[in-house]
Structures are given as structure tokens and as C-alpha cells.
Amino acid sequence: MTRDDWSTRRQAAAFAAVRRAVLATQAARALIDRAASETIAKDDASPVTIADFASQAIVVRMLAHLLGAAPILGEESDTALRDEAHRAILDAVVAAADAAEEGIDAEEILEALATPKADPRNGPCWALDPVDGTKGFLRGGQYAIALAWIAGENGRGTPAESVIASPALDPTAADPATPSSPGVIAVAAPRSGARIASLAGGESAALVAHDWKRGDPIRLALSFERAHGDADSAVTLARRIGETFEPFRLDSCSKYLLVANGRADAYLRIPRDATRAECVWDHAAGVRIAMESGCTVCDLRGEPLDFGRGPTLSANVGIVVAPPRLAEALVAAARA
Ligand code: AMP
Ligand code: MG
């Protein structure tokens, strides 16, 4: 098989896996709404829901089924679910996963979640965020399922075939942060462009970022969670360049889709805590989709992101996603 054939196969498998995982997250949503949210506290205190486990198990199994076993760096693992005290959660995970893969059982889910975590330092691998924006998901806000193949390029780890599903996003709505059904799914691969389609099906459309020029007003996309980034500094930076609109504030890597389709001009992530590096699975797919829509993606110093350093972007500080002229201006403003 040629390189292009592999890329096409990977893209098709990633699309199918994420499309399926959406069904599991939606079933989990219904269960959570009924049972009030049952969560397991993780070390970083972010809530993990049955949706994360069900989604990851479905993606791992679909990829293995369609492509054979491949290394995968997923956010979740089986450890917490194997605890007898969490039996009710495991039962709920099975129920949610069943909506995506009928007849799946607890053992199959635990086995899928027990797949050892890949490390991009050891070679190409998938990076998966089974539910990005868990806090948004629990709030009934925006969330996403993100999957990217991390390959090597120019001595750095770089996202290649990538998929993001945003089941509550309507990028064309007046306020795209407001949850909406049926949601969208976006795909991209290196030098192939990025496309978006409704999760209800139908034709896909090219994702094209705004051709931003100096003098154009700037609409930022920022995290909803104030603790996840320094929003005030982001707005201050943008104001040094030009007039700004009220930012879109929304959870998850859905922000990448708003910049990729020109609804927002830039997504900025300015760390509040300089010792916390960004996670590979939170950004890999979004970065490829934004790049293919015509954006520049770099860190606050203008350095390219390196996805090959392990589970985090430890060589980078912050993230800038914007059309080239705006990215350049933002980096210059950040340096100043
Ligand atoms: P967002 O909705 O864009 O803020 O992205 C959600 C992601 O933020 C989660 O998947 C977490 O990995 C990440 N996150 C959690 N805590 C922090 C933090 N203190 N600073 C930056 N990102 C964080
Ligand atoms: Mg995440």
C-alpha cells in the first residue's frame, strides 16, 4: 500500500470510530441526566464521566477492528473502573457503550481501556480525547471527541489524520457556544484540506479560515473555564492589534472548528500556571484541522508545537491559532 492509501484508510477508520463514539457519549448524556452526574475524581480534579470511558473503549475497539492493533495515547485507563466501589459506574459505561456497539460487555470495555498508553516519543501513535471538555459536557455545554494520528515531521511530532466531533456545536449559529443539535464532525489530513459535515449526515463543506488583514476586528475563541487560561491577557493582546468583538467562550477543542471555519479569528491559550504543559490529546486533532483550513498554529513565542515530547507539549508555552497575519501579530504582541 502507498503512503496515500494508508492515510485514506486511517482517515476513514478515525472518522468511523469517532462517529460511533458520539453515540456512546449521547447515551451517557441521557443516563447522566437521569441519574444526576456520578463522577470519579481524578488526580487533576477534573470530573470523569461514564461518557469518557465508553467513548474511549468504542474508539479503541473500532480502530483495532478496522486497522489492526496500533499504539494509542488515550486520556483514560481501566484502573478506576476495576474498583468494586465503582460497579454502578461500570454498569452505566456498558449501557452507554451498547448504544455504539450492541452487545458489548464489561470485560471487553475493561480490556479496551487497559490498552497500554502509547508515548509519542516511541514512534507514531493515535492520540485520543474521548470527551474533551468534560466540565462542559456535565454542564450541558460544548464538548468534543478528538482523535489524531501523531506522526513525525521535521524532527517533531506532528498531528496527521485528524477527526473532531462536536455533538453540541452549530458553527453557523449567531452564538455558536450555545448547545445545539445535531452537531458537527470535522476531518483533516496533511495537505488535503479540512472538511466539516453535520452529524446528521449530508454533504461536507471545506473549512476555510478568515483571510484576516490588519484593520479587521478580532473575535477570539477562549475557554469557558476561567481556570484553564488567562482570558484577560488574551483580550489585552488582541486589543494591542486592533478592535475586538466579545470573545466566544466555549469548552473543548470545538474552539479550533470556529477558527477553522472563520467564525472566530483566533484561539489563544495563555497558561495561568506556567508549570502546567498542555496535553497532546487536547490539541492534536484541532491543530491539524486548523492548519488545513489555512491557520498558523504555534506557541506564544512563535515556536511550532511539538507533539513528539511525550503526553504533553512540554517544549511549548501556550497556544496561538489564527490566520497567518494575525498569528504573526499576536506572537509579536506577546513577545513585546
Ligand atoms: P478547554 O475547554 O478548552 O479549557 O479545554 C478542556 C481541557 O482543559 C481539558 O481537557 C483539560 O485537559 C484542560 N485543563 C484542565 N485544567 C487546566 C488548566 N488548569 N489549565 C489549562 N488547561 C486545563
Ligand atoms: Mg480534554
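Let me sum up the structure you'll find in this document.

Cut-off values and rules
Residues numbered from 1 in each chain as written. Chains lettered and ligands numbered in written order. Predicted model: local features only at pLDDT ≥ 70, side-chain atom pairs only at ≥ 80, totals over all residues. Heavy atoms only, no water. Helix = DSSP H or I, 4+ residues; strand = E, 2+ residues; numbered from the N terminus. Expected span 1.5 Å × (residues − 1). Buried < 20%, exposed > 50% of the residue type's maximum accessible area, 1.4 Å probe, protein only. Contact = heavy atoms within 4.5 Å. Axes fitted to C-alpha atoms, helices over the stretch in contact; angles between N-to-C directions. Parallel < 35°, antiparallel > 145°, perpendicular 65-115°, else oblique. Nonpolar A, V, L, I, M, F, W, Y, C, P; charged D, E, K, R; others polar. Pairing = 2+ DSSP bridges. Near = heavy atom within 4 Å. Polar contact = N/O pair within 3.5 Å; in protein donor to acceptor, adjacent residues only side chain to side chain. Areas by Shrake-Rupley, 256 points an atom, 1.4 Å probe, with all protein chains shown as cover. Donors = N, O, S within 2.8 Å, 3.2 Å for Na, K, Ca; no water.

**As for helix 10 (residues 324–335)**
Taking 1.5 Å per residue, 12 residues should reach 16 Å; helix 10 reaches 16 Å between its end C-alpha atoms and fits that length. L326, A327, A329, L330, V331 and A333 are the residues of helix 10 that are buried. Considering only its buried residues, helix 10 is in contact with helix 7 (231–241), strand 12 (266–269), strand 13 (296–298) and strand 14 (319–322).

**Quick look at the packing of helix 2 (residues 50–67) against helix 5 (residues 106–113)**
Running from N to C, helix 2 and helix 5 cross one another at 80°; their axes reach a closest spacing of 9 Å. Taken together, the axis directions place helix 2 and helix 5 in an arrangement best described as roughly perpendicular. Between helix 2, through F53, Q56, A57, V60 and R61, and helix 5, the contact on the second element is made entirely by E108, I109, A112 and L113. A per-class count over the contact of helix 2 with helix 5 returns six nonpolar, one polar and two charged.

**Re the sheet that holds strand 7 (residues 184–188)**
Strand order in the open sheet made by the seven strands is 3-4-5-6-7-8-9, with mixed pairing throughout. Taken across any chain shown, the strands that pair with only one partner, and hence form the sheet edges, are strand 3 (72–74) and strand 9 (205–206). With five bridges joining them, strand 6 (residues 156–166) and strand 7 adopt antiparallel strand pairing. Within strand 7, the position partnered with I164 by the bridge is A186. Packed onto the sheet, helix 2 meets strand 3, strand 4 (125–132) and strand 5 (144–153) and runs at close to 150° relative to strand 4. Against the sheet, helix 9 (residues 280–292) engages strand 3, strand 4, strand 5, strand 6, strand 7 and strand 8 (194–198), with an angle of about 90° to strand 6.

**Observations regarding the pairing of strand 8**
The side chains of a regular strand alternate between both faces of the sheet. Here strand 7 runs beside strand 8; their pairing, made up of five bridges, is antiparallel. Residue pairing for strand 8: V184 is matched across the bridge by S198. Hairpin connection between strand 7 and strand 8: a loop of five residues separates the two successive antiparallel strands, and R191 in this loop has a positive phi of roughly 55°. Bridge count for strand 8 against strand 9 is two bridges, and the pairing is antiparallel. When the bridges of strand 9 are listed, R195 appears paired with A206. Here strand 8 hands over to strand 9 after six residues, with G201 in that stretch at a positive phi of 105°.

**Brief notes about the site of ligand 1**
Around ligand 1, the neighbouring residues are D129, D132, S223, A227, H228, D251, S252, K255, Y267, R269, R276 and D282. One nitrogen or oxygen atom from the side chain of D132 is found 3.0 Å from an oxygen atom belonging to ligand 1. Here an oxygen atom of ligand 1 and a side-chain polar atom of R269 are 2.8 Å apart. Burial of ligand 1 by the protein amounts to 83% of the accessible area it has alone, namely 500 Å². Taken together, the elements giving at least two residues each to the shell around ligand 1 come down to strand 4 and strand 12. For the shell around ligand 1, the residue count by class is two nonpolar, three polar and seven charged.

**Considerations on the coordination of the magnesium ion (ligand 2)**
Those protein atoms acting as donors to the magnesium ion (ligand 2) are D129 (OD), D132 (OD) and D282 (OD), and they sit at 2.0 to 2.3 Å. Within one chain, the residues serving as donors to the magnesium ion (ligand 2) are arranged as D-x2-D-x149-D. A residue pair is termed long-range when its members are at least 10 positions apart, and D129 in strand 4 and D282 in helix 9 qualify at 153 residues. As far as burial versus exposure is concerned, D129 and D282 are alike and both buried.

**Some points on the packing of helix 4 (residues 87–98) against helix 5**
Look at helix 4 against helix 5: their axes get within 9 Å of each other, and the N-to-C directions meet at 95°. On the basis of their axis angle, the class for helix 4 and helix 5 is roughly perpendicular. Across the interface between the two elements, L90, V93, V94 and A97 from helix 4 touch A106, I109 and L110 from helix 5. For the contact of helix 4 with helix 5, the per-class residue count stands at seven nonpolar, no polar and no charged.

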